[in-house]
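Coordinate inspection notes
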Amino acid sequence: SFDFSSLDALNFCSRVGGPFSKENPPSCLHVGHDLPSLHSGPFTSRNLNRLRRGEAWDLLTEEDTLLTVDFREALAGKSLYPCSTEVELVASTDGVANCLLWWWEVQLDEMENLSNRPMALGGRYGTHWHQPLLPLGPMRVTKGDRFSLEVKISDAVGQKLSFTLKAAEPGSASAWQPSM
C-alpha cells in the first residue's frame, strides 16, 4: 500500500526541511485567494474535533477575533465587502507554526448560535464543519514574538480571502531575525 500523507498540505508543511528551513521567511507571508500555496485551493480544512489537541495540533497564540460581520447591515443596504482588518498576535509559547487556522460563530438570534469552534477550545458542538486553515510554514516561533495579521475579503460572497502575516514591527518576531 502507498502512503500519500506526505502530499497532504498539513503534513507537508510540518515536515523538517520546509520552505523556511534554510533561510528566514520573506518579510511578509501572503496566503489565500490567487496567491501561492502548497495545494490547489486557496485554503484547506481539518476537523480538529477528530484530532487530539497537544498531539496533532495546538495554538501558539491566544485566540483573537479577525472579523465581525453584521448581516443585518446588508439587509439595510450596506455593502459587506470589500473589508479588511488587522490584528496583532503574540506567541504564548515556543513552537513551529505550520498554518493559520480559524473558525466562526454565528449569532442567529438572542438565544441561539452556531459555531465550528473546536470542542477542545470550548466549542459546544461536534459539527460536520471543519476548521479552515492556510499552510504557512514551518516557521519557528518564540514565546513573546509579535505578528501582524491582516485579513481581507474581496468578493460579495466572502470566498476570496487573503491573509498577510509579518512581524508586528522590525525585530518583534524571531523568524525574521537575522540568522547567526
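All of the points below concern the structure found in this document. (Residues numbered from 1 in each chain as written. Predicted model: local features only at pLDDT ≥ 70, side-chain atom pairs only at ≥ 80, totals over all residues. Heavy atoms only, no water.)

Let's talk about the overall build of the protein chain
What counts here: Only DSSP runs of H or I reaching four residues or more are called helices, and only runs of E reaching two or more are called strands; each is numbered from the N terminus. Using a 1.4 Å probe on the protein chains alone, a residue whose accessible area is under 20% of its type maximum counts as buried, one over 50% counts as exposed, and one in between counts as partly exposed. Using a 1.4 Å probe, accessible areas were evaluated by the Shrake-Rupley method; residue-level cover was limited to the displayed protein chains.
The number of helices and strands found in the protein chain is 2 helices and 9 strands. By residue count, 32% of the 180 residues in the protein chain fall in the buried class. Summing over all exposed atoms, the protein chain offers an accessible surface of approximately 11700 Å²; the carbon and sulfur share of this is 53%.

Topic: a nonpolar patch on the surface
Note the cut-off: Patch membership requires over 30% relative accessible area and the absence of a salt bridge. Like charges are linked within 9 Å, and nonpolar side chains (Val, Leu, Ile, Met, Phe, Trp, Tyr) within 5 Å. Any Lys or Arg side-chain nitrogen located within 4 Å of an Asp or Glu carboxyl oxygen qualifies as a salt bridge.
Among the surface-exposed residues, Val106, Leu108, Leu114 and Trp129 lie close enough to one another that they form a single nonpolar patch of about 310 Å² accessible area. With respect to the helices, strands and loops of the structure, Leu114 is situated in strand 6 (residues 113-115).

Considerations on the nonpolar core
Here is the rule: In this text, buried Ala, Val, Leu, Ile, Met, Phe, Trp, Tyr and Cys residues form a nonpolar core when linked through side-chain atoms within 4.5 Å. Contacts are assigned to residue pairs with any non-hydrogen atoms lying within 4.5 Å of each other.
Leu66, Met139, Phe147, Leu149, Phe163 and Trp176 are the most contacted members of the largest nonpolar core, which has 23 residues in total. Not counting chain neighbours up to four residues away, the residues in contact with Leu149 comprise Leu66, Thr85, Glu86, Val87, Leu89, Leu100, Phe163, Thr164 and Leu165.

Here's the deal with the sheet that holds strand 4 (residues 95-101)
Condition: We treat two strands as partners when DSSP finds at least two bridges between them. To define axes, lines are fitted to C-alpha atoms, for helices over the stretch in contact only, and angles between the resulting N-to-C directions are given on a 0 to 180 degree scale.
Pairing is antiparallel across the open sheet formed by 3 strands, whose spatial order is 2-7-4. If you trace the sheet from one side to the other, it starts and ends with strand 2 (44-46) and strand 4, each paired once. Each adjacent strand pair in this sheet contributes to an overall mean axis angle of 55°, direction not counted. Inspection of the sheet shows strand 2 paired to strand 7 (residues 131-141) by 3 bridges, in the antiparallel sense. Paired with Arg46 across the bridge in strand 7 is Gln131.

So, the side chain of Asn47
For clarity, the cut-off: Throughout this description, a polar contact denotes any pair of N or O atoms lying within 3.5 Å of each other; where both atoms belong to protein, one of them has to be capable of donating a hydrogen while the other can accept it, and for residues adjacent in sequence the pair is counted only when both atoms sit in side chains.
Looking at where Asn47 falls in the secondary structure, it is placed in the loop between strand 2 and helix 2 (71-75). A distance of 3.0 Å separates a polar side-chain atom of Asn47 from the backbone nitrogen of Asn49.

Looking at the packing of aromatic side chains
Selection rule: Whether two aromatic rings pair depends on their centres lying within 6.5 Å, for rings of Phe, Tyr and Trp, where Trp uses its six-membered ring; planes under 30 degrees apart make the pair stacked, over 60 edge-to-face, and the rest tilted.
This model, assessed by the stated rule, comprises 2 aromatic pairs. On the numbers, 5.0 Å between centres and 40° between planes, the contact of Trp102 with Phe163 is tilted. Residue Trp102 is located in the loop between strand 4 and strand 5 (105-107), and its partner Phe163 is located in strand 9 (residues 161-167); the two are separated by 61 residues in the primary sequence. Considered together, Trp102 and Phe163 belong to a single accessibility category, that of buried residues.

So far we have only geometry, and geometry alone does not tell us how the molecule works.
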